[in-house]
Amino acid sequence: MNTSLPLAEGESIEKEIPPSPQTVSYYTVKAAPLFGVWFIGLLIYLIYTYKTTQADARALLFQALALAAFAYLVGIVARWLWRVDVSQRDSWLTNKGIWIQTPKGVEFVSYGKISKIKIKEDWIQKALHVDELEIAYMDQGFVKKIRMIGVENPQEIVGMIQEKLSPSST
């Protein structure tokens, strides 16, 4: 058990929310840095080719725009992979709420503040067959959302959390 959590008095850990081995295997590729090196190398090649062959500037502009669009897509995937990496770290269900690792650090969400929990699917999750839980909760009068990506048995985790919620929030 993780003893570094600042548990409140009377709070006890009931279950670790395990990461999906499938998600971990996808993330071990860690291809984003390779795409960055490739992008810079291709940009240098485009400029070198333009300078040595005196090609049309419109062709260089078109190639650079196509490269920028591809780099933007790679950036989206890289950001998602970073979210997966962060969410693979410790997440715990306790008798009072959920401790979740986020990019900002470990956050606690009390069961009493949770307004909605769902299994979220977007195009990357569908392509990689990776499950993401989205938890909406109230904090100081505002609705905030927190996500756990790559959860093992997401239906079981959703069920366990919904059992703890008050009937008015489900």
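Scroll up for the structure.
A brief report on the enclosed structure follows.

Cut-offs and rules
Residues numbered from 1 in each chain as written. Predicted model: local features only at pLDDT ≥ 70, side-chain atom pairs only at ≥ 80, totals over all residues. Heavy atoms only, no water. Core = buried A, V, L, I, M, F, W, Y, C linked by side-chain atoms within 4.5 Å. Buried < 20%, exposed > 50% of the residue type's maximum accessible area, 1.4 Å probe, protein only. Helix = DSSP H or I, 4+ residues; strand = E, 2+ residues; numbered from the N terminus. Pairing = 2+ DSSP bridges. Axes fitted to C-alpha atoms, helices over the stretch in contact; angles between N-to-C directions. Salt bridge = Lys/Arg side-chain N within 4 Å of Asp/Glu carboxyl O.

Moving on to the nonpolar core. Soluble, globular proteins show a tendency: their nonpolar side chains are buried together. Membership of the largest hydrophobic core comes to 18 residues, with the highest contact counts inside it found for I17, I98, Y111, I114, I135, M148 and I161. Listed by contribution, the elements that provide at least two residues to this core are β3 (97–102), β5 (114–120), β6 (132–139), β7 (142–149) and α5 (154–164).

Right, let's get into the sheet that holds β3. Neighbouring strands of a sheet are bound in pairs by backbone hydrogen bonds; such pairs are parallel or else antiparallel. The strand order across the open sheet built from 4 strands is β1-β2-β3-β4, with neighbouring strands paired in antiparallel fashion. Each edge of the open sheet is held by one strand with a lone partner, namely β1 (13–16) and β4 (105–110). Between one strand and the next, the sheet's axes are offset by a mean angle of 25°, whatever the strand orientation. Sheet analysis places strand β2 (residues 91–94) next to β3, joined by 3 bridges and oriented antiparallel.

Further remarks concern the pattern of salt bridges. Applying the stated criterion across every chain, the model contains 8 salt bridges. Note that E134 and K118 form a salt bridge whose closest N and O atoms lie 3.7 Å from each other. Highlighted residues: E134 in strand β6 and K118 in strand β5, separated in sequence by 16 residues. On the basis of relative accessibility, which here comes to 5%, the residue E134 falls in the buried class. In this structure, a network of salt bridges that share partners links the residues K118, E132, E134, K145 and R147.

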